[in-house]
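# Analysis of the macromolecular model
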Amino acid sequence: MKKLKIGFYGITGCAGCQLSVIFEEDELLDIINLIEIQAWPFIKELNYDKKFDYIFMEGLVADNEDKGILLKLRANTRFMVALGACAHTGCIPAYRHFTLKENYAHLLYEKKENIKDIDPNPIDSFVKVDYIIPGCPPDKNEIRSFIKDIVRDIIPKPYNNPVCVECKRNNNSCLLDNKKPCLGPITRGGCNSVCTNNGLECWGCRGPTQQGHKMQS
Amino acid sequence: MNLVVYILKKDVMYDFLLDIKNKFETYVPIKKDITRFKILDNPKDIDFSENSYFPVKEHFFRKKEVIFQFNGSNFLPVELKSKNKIFFGLRRCDLNAIKNQDFIFMKQHNDPYYTSQRKKAVLIGYHCTKALNKYCFCESMNLTDYYDLMLFDKTNYFLVDAKTEKGENLIRKYKKYFKKSNYKISDKDTYIKTRKINKKDISKFYDHKDWDKGINLCLSCSACTEMCPTCYCHEIHDNTEINNPRNAKRIRSWSSCQLKEFTSVAENHTFRDTKEARFKHRIYHQLQYFKERNKINLCTGCGRCITGCPTKIDWVKIINEMR
C-alpha cells in the first residue's frame, strides 16, 4: 500500500498543536510507520513545493506572508486539515477583532510594520478546509484516530457532542449553578472536559457544536 | 414479603457501616460541592439532606464497557468482574429507576454485563420524609417498593424493612446492630408529598404550542439524559489497534437522544434533526412510549433532568400548564 504523503505546517500560532502530535509518545512510532511525513518545518525540512495528500495546518493568517504560504500549500495538497483552534476558529490571536487597535498598537507593534497589513483570520476564510481537528491544543487521541482513519480510507468523523456530555460523565458539579460563565453546553466537546474537571469555565476553544442552535435575540 | 421490621439506632448505624465496610465496597451519599455517592471512609460524612446529584446507574450500566475483543480470527470474550457493593441511602425514585433498568437489562434482554454488576449489589434505601427539592415529582409516578433494605427515618432511630432475601441475610449477618420491632410499615410511612403531573396521557398534546417554552431554551446539551437514572440509550463502536487493524475491541458507551449524532445514519441523514423532535422525544419516551409498551412508567420523578439543566427547563410545569 502506498503511504500517504503528509505535511505538518505552522503559520502564526504557538506551535502547541504541532507539539501535541509529538506528545503522542506511546504510539508516535506506529503513526510514523503508517504515513510518509514529507515536510515538517518544526523538525524536518520545508519542502514547500512537493505534492501532498494531507496537510495539517496549524495557526491562523495574521500577515501577508502567512497568506502566501497558505495559498501555496493549498495548491499542492489534496486535503487541508485545520489543526487546532487557531486554524479552526482564530482562537486568541483573533481577539484582535474585538479590541480597538489604538489601545494596544503603540505598546507592542509600533516597529513591526507587517502586523498591520491584514486582520487575523482562521484559514478557512482564505482557502477551502476539508477537515478540522479542533481544540487548544487538540486532543492527542483525536489526532491519532484521525490519522488512523485517513490511512484506512475512512472518512474521519468529527466529534460534535457538547462539552456537557463529558463533563457530566466525569461527575462534575455544574459551573453555571455556581454562577460561573461556562460555555460548555454550546461548545463542541471531545476534550474530556479538561477545563471543567479542574473548576475552570469552558471558554469554547473547540468552537460551537453542530446541534442546530438558533441565536436568541 | 416479611412483616418483621427492625430498629437501627442512629448512633449504632455508624458502627454498622464501619463493620460492613470491611466486607463490602460501601457507597454512601457524601456532600462536598454537590452530593455524590462515594466509597465510605468516615461514616460521619454521610449527608441525607439532599439527593445525590448523579444517580448510581453508572455502577451497573457502565459508561464505557468493552463487550468483546477480536483478534482477526477469534472472539475473545471479556471477563466479567464485579465486586460486592452496598449502596446505602438510595432514594425511592432511584430504587425504582434501578427497577426499571433491571427490567430492561435483565428481563427484556439478558445483558450479561449489566447482570454481573447488578447481581452482587445490595441496595439499602433511605426514605424521604418530604420532597427533596422543588423539582421532584415522584408522587405522580406510581413508585413501588423495590429494595433490599429500606430505612425509615424516625428522628433518633431508623425502622428497617427488609424486602428481599439479600437484605434479610445482611440483617442476619449483622444482627447485633438490629432489634426486632412490632411496627408495621403503612402507607403513611411510604407517602412522600411532592408536586404532581396533572396529565396521565400526554399523547394528544404533541403539537401543543406550549412546548416552545422549553424548546427555545433547550441547548441540546444532553445534560438531562446524562443525569437521568433511567435513560439507557447507548452506542456501540469498534476500536481498532493502530498498527494491526485486525485486533479490535467492541465498546459500548452511553449515548443520548438529545444528540444529533444519535439518530444520524449513512449519507448524513438524521432522523431527529430538529431540536424540537429531540426535546419532545425524551419526554414522550419517559412518560408515554415506554408505558404504552411495557405498562410501567420509565420516569421515576427524581427531577434530575431539571436540576442538571443549564437553562433549568421545567418541563413538568410546561406540561401542567397545557390546556
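Rules and cut-offs
Residues numbered from 1 in each chain as written. Chains lettered and ligands numbered in written order. Predicted model: local features only at pLDDT ≥ 70, side-chain atom pairs only at ≥ 80, totals over all residues. Heavy atoms only, no water. Helix = DSSP H or I, 4+ residues; strand = E, 2+ residues; numbered from the N terminus. Rg over C-alpha atoms; globule rule 2.2 N^0.38 Å. Buried < 20%, exposed > 50% of the residue type's maximum accessible area, 1.4 Å probe, protein only. Contact = heavy atoms within 4.5 Å. Areas by Shrake-Rupley, 256 points an atom, 1.4 Å probe, with all protein chains shown as cover. Lys, Arg positive; Asp, Glu negative; His and termini not counted. Charge placed at Lys NZ, Arg CZ, Asp CG, Glu CD. Disulfide = S-S within 2.5 Å. Domains from an automatic or database assignment. Buried area = accessible area lost by both parts, 1.4 Å probe. Salt bridge = Lys/Arg side-chain N within 4 Å of Asp/Glu carboxyl O. Pairing = 2+ DSSP bridges. Axes fitted to C-alpha atoms, helices over the stretch in contact; angles between N-to-C directions. Expected span 1.5 Å × (residues − 1). Arc of directions from axis to C-beta. Polar contact = N/O pair within 3.5 Å; in protein donor to acceptor, adjacent residues only side chain to side chain. Nonpolar A, V, L, I, M, F, W, Y, C, P; charged D, E, K, R; others polar. Bend = angle between axes of the 7 residues up to and from the residue.

## Some thoughts on the overall build of chain A
Within chain A one finds eight helices and five strands. For chain A, the N- to C-terminal ordering of α and β elements is β-α-α-β-β-α-β-α-α-β-α-α-α. Taken over the C-alpha trace, chain A has a radius of gyration of 18 Å; the compact-globule value for 217 residues is 17 Å, and the two agree within 12%. For chain A, the C-alpha atoms occupy an extent of roughly 55 × 45 × 30 Å along the three principal directions. Here chain A holds 217 residues, and 47% of them are scored as buried. Looking at chain A alone, contacts between residues at least 24 apart form 71% of all its contacts between residues at least 6 apart. About 11300 Å² of surface is accessible on chain A, with carbon and sulfur atoms providing 57% of the total. In chain A, 28 positive and 27 negative side-chain charges are present, and the distance between their average locations comes to 4 Å.

## With respect to the state of the cysteines
Counted by the stated rule, this structure contains zero disulfides over all chains. The thiol of C164(A) is not disulfide-bonded; the next cysteine sulfur, from C221(B), is found 4.0 Å away. Classification of C164(A) as buried rests on a relative accessible area of 9%. The thiol sulfur of C174(A) is not disulfide-bonded, and the nearest other cysteine sulfur, from C164(A), lies at 6.4 Å. The buried category is assigned to C174(A), whose relative accessible area is 11%.

## What about the domain arrangement of chain A?
All names here are of chain A. Assigned domains of chain A: these are domain 1 (4–151) and domain 2 (160–217). Computed from C-alpha atoms alone, the centre-to-centre distance between domain 1 and domain 2 is 25 Å. Where domain 1 abuts domain 2, roughly 640 Å² becomes buried across the two surfaces, and 59% of that area is made up of carbon and sulfur atoms. Of all residues in domain 1, P134, C136 and D139 bury the most surface against domain 2, accounting for 37% of the area lost on that side. At the junction of domain 1 with domain 2, the criterion picks out one salt bridge.

## A word on the pairing of strand β1 (residues 4–10) of chain A
Residue and element names in this part refer to chain A. Burial runs high along β1: five of the seven residues are buried. Where β1 meets strand β2 (residues 35–39), four bridges bridge the pair, whose relative direction is parallel. Opposite G7, over in β2, you have A39 as the bridge partner.

## Overview of the interface of chain A and chain B
Each side of the interface is counted separately: chain A has 27 residues, and chain B has 32 residues. Where chain A abuts chain B, roughly 2500 Å² becomes buried across the two surfaces, and 50% of that area is made up of carbon and sulfur atoms. The interface formed by chain A and chain B includes three salt bridges. Measuring nitrogen to oxygen at the nearest pair gives 2.7 Å for the salt bridge that ties R169(A) to E226(B). Broken down by secondary-structure element, the contributors of at least two residues to the side of chain A that touches chain B are α2 (28–34), α6 (140–151) and α7 (163–169) of chain A. Looking at the side of chain A that touches chain B element by element, the count peaks at four residues for α7(A).

## Digging into the sheet that holds strand β10 (residues 179–181) of chain B
Residues and elements named next belong to chain B. Spatial ordering of the open sheet is given by β3-β2-β6-β7-β8-β9-β1-β10, a layout of eight strands whose pairing is mixed. The outermost strands of the open sheet, each flanked by one partner alone, are β3 (35–39) and β10. Strand-to-strand twist across the sheet, computed as the mean angle between neighbouring axes with direction ignored, equals 30 degrees. Two elements, strand β1 (residues 5–9) and strand β9 (residues 157–162), share five bridges in a ladder whose sense is antiparallel. Note that in β9 the partner of V5 across the bridge is D161.

## Some details on helix α1 (residues 10–23) of chain B
Residues and elements named next belong to chain B. Between its first and last C-alpha, α1 extends 21 Å over 14 residues, near the 20 Å set by a 1.5 Å rise per residue. Buried residues of α1: M13, F16, L17 and I20, and no others. Buried residues along α1 cover an arc of 105 degrees about the axis, so they all sit on one side. Exposed residues on α1 whose side chains face more than 90 degrees from its buried face are D11 and N22. Tucked inside the fold, the buried residues of α1 contact β1, β2 (25–31), β6 (85–90), β9 and α4 (165–173).

## Details of the domain arrangement of chain B
For interface size, the figure often reported is the accessible area lost on association. Residue and element names in this part refer to chain B. You can read the domains of chain B as domain 1 (5–190) and domain 2 (203–320). Put simply, the middle of domain 1 and the middle of domain 2, counted by C-alpha atoms, are 25 Å apart. Buried area between domain 1 and domain 2, summed over both chains or domains, comes out near 3400 Å², and the portion from carbon and sulfur atoms is 61%. For the interface between domain 1 and domain 2, the tally reads 23 residue pairs in polar contact (both at pLDDT 80 or more). With 10 residues, helix α2 (residues 92–108) is the single largest residue contributor to the side of domain 1 that touches domain 2. Of the residues contributing to the side of domain 1 that touches domain 2, the split by class is 20 nonpolar, 11 polar and eight charged.

## Overview of the sheet that holds strand β5 (residues 131–133) of chain A
Residues and elements named next belong to chain A. The sheet built from five strands is open, its strands ordered β2-β1-β3-β4-β5 with parallel pairing. Each of the sheet's edge strands pairs with one partner strand only, and the pair in question is β2 and β5. When the angles between neighbouring strand axes are averaged without regard to direction, this sheet yields 30 degrees. Where β1 lies against strand β3 (residues 52–58), five bridges are found, and the strand directions are parallel. Bridge pairing in β3 places Y9 opposite M57. Helix-sheet contacts for helix α3 (residues 64–76) involve β1, β3 and β4 (77–83), and the interaxial angle to β4 is about 135 degrees.

## Overview of α2(B)
Residues and elements named next belong to chain B. Between the first and last C-alpha of α2 there are 23 Å, a value that for 17 residues agrees with the 24 Å anticipated at 1.5 Å per step. Along its length, α2 reaches its greatest deviation from straightness, about 30 degrees, at D102. Of all 17 residues making up α2, 12 are buried, and the element is well covered by its neighbours. All buried positions along α2 are accounted for by R92, C93, D94, L95, N96, A97, I98, N100, Q101, D102, I104 and F105.

## Looking at the pattern of salt bridges
Residues and elements named next belong to chain B. The final tally for this structure, using the stated rule, is 31 salt bridges over all chains. R36 serves as the salt-bridge partner of D33, at 3.2 Å between the closest nitrogen and oxygen. The class for D33 is partly exposed, based on a relative accessible area of 48%. For R252, the salt bridge is made with E65, and the minimal N-O distance between the two is 3.5 Å. Taken together, the positions of R252 in strand β12 (residues 247–254) and E65 in strand β4 (residues 64–71) put the pair 187 residues apart, joining distant regions of the chain.

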